[in-house]
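Observations on chain architecture
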Amino acid sequence: MKKLKPEFVEFIPKDIEDDILYISIRFRTAVHLCACGCGNKTVTRFSPRDWKLTFDGKTVSLFPSIGNWSFPCQSHYWIKKNKVIWDRKWSKSKIRTNRYHDKIIRKIFSWY
């Protein structure tokens, strides 16, 4: 099982390394290379309408899942207690529905 080592930083480095989850509390963002190995940079922003970070003093988890729908790999996984837990790929229809749902949520929480 693939693991990501959390590294708390103020600024996300320009060159990021595989298997590291860079976390900037100041900028409410986490960045890592896609867990599938394709090399694409995955950015998750923390907010009530996006991702939430849980840190238990040793491990980190992100909620909800990471769906890299814009990448050719279209990987889909969770980060729970530093571990990458793979989820099934979504159909194009499900991706469209999810994007529509996200668009509505962004409108509801536009004041954030």
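Keep in mind that this is a model prediction, so the values were computed, not measured. (Residues numbered from 1 in each chain as written. Predicted model: local features only at pLDDT ≥ 70, side-chain atom pairs only at ≥ 80, totals over all residues. Heavy atoms only, no water.)

On to the sheet that holds strand β6 (residues 60-67). Within the open sheet, the four strands sit side by side as β5-β6-β7-β8. Their pairing is antiparallel. The open sheet terminates on both sides in strands that have one partner only, identified here as β5 (52-55) and β8 (83-86). Neighbour to neighbour, the strand axes of the sheet diverge by 25° on average, direction disregarded. Note: strand β7 (residues 76-80) against β8, four bridges, orientation antiparallel. Looking at β8, one finds that Trp78 is bridged to Ile85. (Pairing = 2+ DSSP bridges. Helix = DSSP H or I, 4+ residues; strand = E, 2+ residues; numbered from the N terminus. Axes fitted to C-alpha atoms, helices over the stretch in contact; angles between N-to-C directions.)

Before going further, it helps to spend a moment on the side chain of His76. Within the element layout of this structure, His76 appears in strand β7. There is a polar contact of 2.8 Å between the side chain of His76 and the backbone oxygen of Arg88. What His76 contacts, discounting residues up to four positions off in sequence, is Ser65, Ile66, Gly67, Trp69, Trp86, Asp87, Arg88 and Trp90. (Polar contact = N/O pair within 3.5 Å; in protein donor to acceptor, adjacent residues only side chain to side chain. Contact = heavy atoms within 4.5 Å.)

Read these as layout, nothing more, since geometry by itself doesn't imply function.
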